[in-house]
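Listed below are the residues making up each chain.
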Amino acid sequence: MNIAIDGPAGAGKSTIARLAAKELGFIYVDTGAMYRAIALYLLDSKTDIEDKSAMQQALNNININIVYDKGVQHVFLNLQDVSAEIRSEKVGNMASKTSAKKEVRDKLLYLQRDIAKNNDVIMDGRDIGTNILPDAELKIYLTASADVRAKRRYDELRNSGEWPDLEKIKNDIIKRDEQDMNRDIAPLKQAEDAVLLDSSDLSIEEVVDRIVSLAKAVQ
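The rules behind each value
Residues numbered from 1 in each chain as written. Predicted model: local features only at pLDDT ≥ 70, side-chain atom pairs only at ≥ 80, totals over all residues. Heavy atoms only, no water. Pairing = 2+ DSSP bridges. Helix = DSSP H or I, 4+ residues; strand = E, 2+ residues; numbered from the N terminus. Axes fitted to C-alpha atoms, helices over the stretch in contact; angles between N-to-C directions. Contact = heavy atoms within 4.5 Å. 1 Å grid on protein atoms, 1.4 Å probe; cavity = no way out; pocket = protein on both sides within 12 Å on 5 of 7 lines; lining within 4 Å. Points joined across faces, edges and corners; volume = space filled by probe spheres on them. Nonpolar A, V, L, I, M, F, W, Y, C, P; charged D, E, K, R; others polar. Salt bridge = Lys/Arg side-chain N within 4 Å of Asp/Glu carboxyl O. Buried < 20%, exposed > 50% of the residue type's maximum accessible area, 1.4 Å probe, protein only.

Some words on the sheet that holds strand β6 (residues 121–125)
Alright, step 1. One open sheet accounts for 5 strands, arranged β2-β6-β1-β7-β8; its pairing is parallel. Of all the strands in the sheet, just β2 (27–30) and β8 (195–198) have a single pairing partner and so form its edges. Averaged over all pairs of adjacent strands, the angle between strand axes in this sheet comes to 20 degrees, irrespective of strand direction.
Alright, step 2. Inspection of the sheet shows strand β1 (residues 2–6) paired to β6 by 5 bridges, in the parallel sense. In the strand pairing of β6, Ile5 is matched with Asp124.
Alright, step 3. Taken strand by strand, helix α5 (residues 102–118) contacts β1, β2 and β6, and its axis lies near 155 degrees from that of β6.

Written out as structure tokens, the structure is:
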């Protein structure tokens, strides 16, 4: 069985998908981490993302693996654990830009579909229900207001010891929404058969319970 969860940045997709997958006994496929790992490589290698030749050469040098150790996800980029590095705002903003590139999406498309073909999975991203897994048995469009998403990200960064600017985070989120919704390739949008779930006024547990209930209803 495949469950697709789409939605804008900061809606809590990764956290919620991971918890729901654990409760259902599914594999959680963190597509955002894959795109962030590519973005990190492109940043570190100072690749010109508008140069198709340079991009293709860089992508040929990238190998990504996601490993779970005692329930904790580890993302490996060319055998190096980059789980912490890929969560920075800088990498997230670059991932929003580079995930719109066809060559980047092509690199990950077949890997993601192959995982879903052979396993019960929950996969989250921007275009899972509309593009990656159009035949998923359950599709969720998870969203929340920009203010709520910004505050959640602010709290996450503060808990990591950083001193972020809340207004800048909100502006970055709004900008990323625009980029994701208006890109030419696989833009962010709600699939016609997706269940809309607004988490603005819901706890993580309430959202997870809702998704688990929906999943059990179609199993």
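A few points about the layout of surface pockets
Alright, step 1. In this model, the largest pocket occupies a volume close to 930 Å³.
Alright, step 2. Residues belonging to the lining of the largest pocket are distributed by class as follows: 14 nonpolar, 13 polar and 17 charged.
Alright, step 3. Put simply, the second largest pocket is a space of about 180 Å³.
Alright, step 4. Forming the boundary of the second largest pocket are Arg18, Leu19, Ala21, Lys22, Phe26, Ile27, Tyr28, Tyr68 and Gly71.
Alright, step 5. Among the elements of the structure, α1 (13–24) and β2 are those that each provide at least two residues to the lining of the second largest pocket.
Alright, step 6. Of the residues forming the lining of the second largest pocket, the biggest block, 4 residues, is contributed by α1.

Overview of the pattern of salt bridges
Alright, step 1. Overall, the coordinates contain 13 salt bridges when judged by the stated rule.
Alright, step 2. Among the ionic pairs, Arg126 bridges to Asp180, the shortest N-O distance being 2.8 Å. Of the two residues, Arg126 sits in the loop between β6 and α6 (128–132) while Asp180 sits in helix α8 (residues 166–182), which places them 54 residues apart along the sequence. Residue Arg126 shares its accessibility class with Asp180, and that shared class is buried.
Alright, step 3. Ionic pairing is found between Glu156 and Arg153, a salt bridge with its closest N-O pair at 2.8 Å. Placement of the pair is Glu156 and Arg153 together in helix α7 (residues 146–159), with a separation of 3 residues, close to one helical turn.
Alright, step 4. For Arg153, a relative accessible area of 12% gives the class buried.
Alright, step 5. Here the salt bridges share partners, and the residues they tie into one network are Glu89, Arg153 and Glu156.

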